[in-house]
Amino acid sequence: MHGRVKIKTTAQQEEEKRKEREKKLKIYVAARDACFSKRNEGIWDDEALQLTQQLLSSNPDFATLWNYRREILMHLETVKDKDEVQKIYEAELSFTESCLKVNPKSYGSWHHRGWVSARLPRPDWARELTLCDRCLSLDDRNFHCWDYRRMVVKMSGVPVDQELAFTDRLIGSNFSNYSSWHYRSTLLPLLHPESPEPPSPCREPPQSSPPPSPQTHSHRVCEEQLLKEYELVQNAFFTDPNDQSAWFYYRWLLGRAEREEMISCVYVNRDEERVAVAFSRPVNAQSVGLFLVLDGQPQRVEWRSVHPRFKQSPVWICNLPPGTISDITNERNLTVHWTEKHTHRDCALYTGRTESWCRDSATDQELFRSELSVEKTSVLQSELQSVKQLQELEPLNKLDSMRSAYYSDLCSKFMIENTILKMEYAEVRVFSISDKNLTTLCHLDQLLLVTHINLSSNHLQRLPPQFAMLQCLEVLEADNNAIENLEGVYHLPKLEEVLLKNNKISTLADLQTLASCPKLKRLDLRGNPVTQTANVESELAELLPSVTDLLL
């Protein structure tokens, strides 16, 4: 068999590989132990620098070695001149770049590079941005690189418009780039903030002012730019309806609204000697400094949220001591002070009146202004039509259940907002939104004064805890839904009628919260599974003794 190459067996190959691994491991362990020994002895010399480089080149995720390496470099700063330090740190950048080639998502390598760049006497930020561009072109979801890029942008003062153009390029090459969409959401409020002057909501900054750098706090985005973003994101989800990235960004665009912090409503009732206060955002009244003054005299009251599940709530209530305001022949003046925000609201309870309130309407507050302007409403209507087109174009590729549910909830949200505005224009306390395909309830804090609500013939599955904010509610109509949970019908002091025909109430436990409503007289449960329960009538009579008109 002369002249033929001997073929090694698999067993021989494995044995040679094992010996090679053992040899490398011994070298690695010896170098590691030498590093630890030098560090314990406080030695920061060139040999230690070489040892750490040898180890980190093969394992760039050894955090202790990066820490030791930084100690060495800080020592060298004290014994070298500025030009030598510049050369040392430039070599360090080259070294970290080689480590990133081993593991492009090495936290230790990126962190060390950021540390070196911040200490470099003459940093080359353009080089760092180029490195980021190169790494992101290989993996546009490398969040370590994104974090590093944001640091470089902040340190070098890269203009926001330049970074926004960068996201344009990445999104243009790949719509499925969640990181780029997210970065874009942080840049837009800086480059296109909503102007405080209404006449020019997208006013250009003065020519003498340089574009801002993306390192300040977030603001709302002007509507003109939002409309442009809708067009961009629509192109994305028409290109790939299944991709989540653009849909997440789209949801962010639809939520660009902030409200002024204030007391939006004070309600007082003589019969229950009760005060309810509504805020423009959820608060903890027990910690924000909420005080009640009656006819100039501070009152010792205990504030509580409308539902035990809420530590933060937009609506809080308290009871005054018995006999404080019950005399209908006396006029009383209340003031609620919110000391944390240095604001207050007055409310006068006139002679002969059993209740009174003082509030800003949703129209006065411009509560839904940023989301319901003419331009934005028309765009949203167009967007909903676009979704329908997508379903027609790809009937076998339907929206997933979560996205479909989101759109249904979004439609419900806008319908409720429009109904609130119509109710306030009509100056009534009746909220009727039946047969509108509602899937969720929102803005319930705006319904504090409502006495009659009609939610019949929708697709509601529950009345959430927020429903307890309807502190003036007397009649609840919710026939023909899919309601199986009444958690929010809790301690509603004026509630007298609850109509729940043709829902999915299945157990007596589902009705337990109704027992907390002291004035409940009429209850309609026809068409609910619970009516098939044995001895249901007697059980309900025991559970709800105040009910005199029970329909099963």
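Note: the structure precedes this text.
Our subject in this report is the structure included herewith. These figures come from a predicted structure and were not determined experimentally.

### Topic: helix α6 (residues 125-138)
Spanning 14 residues, α6 covers 20 Å between terminal C-alpha atoms, matching the ideal 20 Å at 1.5 Å per step. Turning to α6, its buried residues are Trp125, Glu128, Leu129, Leu131, Cys132, Cys135 and Leu136. Around the axis of α6, the buried residues are gathered within 155° of arc, so they sit on the same side. Exposed side chains of α6 directed beyond 90 degrees from the buried face belong to Ala126, Ser137 and Leu138.

### A short note on the sheet that holds strand β5 (residues 304-305)
Ordered by their spatial adjacency, five strands build an open sheet running β5-β6-β2-β1-β9, and the pairing between neighbours is antiparallel. Of all the strands in the sheet, the pair left with one neighbour each is β5 and β9 (355-359). Strand direction decides the pairing type here: β5 and strand β6 (residues 313-319), joined by two bridges, are antiparallel. Bridge pairing in β6 places Ser305 opposite Trp316.

### Remarks on empty space enclosed by the protein
Counted by the stated rule, this structure contains two cavities of 30 Å³ or more. The space that makes up the second largest cavity amounts to roughly 50 Å³. Lining the second largest cavity are 10 residues, and of these Cys265, Ala278, Arg359, Asp445 and Gln446 lie nearest its centre. Partitioning the lining of the second largest cavity into residue classes produces four nonpolar, three polar and three charged.

### Looking at the side chain of Asp445
Here Asp445 shows up in the loop between β10 (430-432) and β11 (452-454). You can call Asp445 buried: its relative accessible area is 15%. In terms of polar contacts, Asp445 uses its side chain to reach the side chain of Gln446, at 3.5 Å.

Conventions and cut-offs
Residues numbered from 1 in each chain as written. Predicted model: local features only at pLDDT ≥ 70, side-chain atom pairs only at ≥ 80, totals over all residues. Heavy atoms only, no water. Helix = DSSP H or I, 4+ residues; strand = E, 2+ residues; numbered from the N terminus. Expected span 1.5 Å × (residues − 1). Buried < 20%, exposed > 50% of the residue type's maximum accessible area, 1.4 Å probe, protein only. Arc of directions from axis to C-beta. Pairing = 2+ DSSP bridges. 1 Å grid on protein atoms, 1.4 Å probe; cavity = no way out; pocket = protein on both sides within 12 Å on 5 of 7 lines; lining within 4 Å. Points joined across faces, edges and corners; volume = space filled by probe spheres on them. Nonpolar A, V, L, I, M, F, W, Y, C, P; charged D, E, K, R; others polar. Polar contact = N/O pair within 3.5 Å; in protein donor to acceptor, adjacent residues only side chain to side chain.

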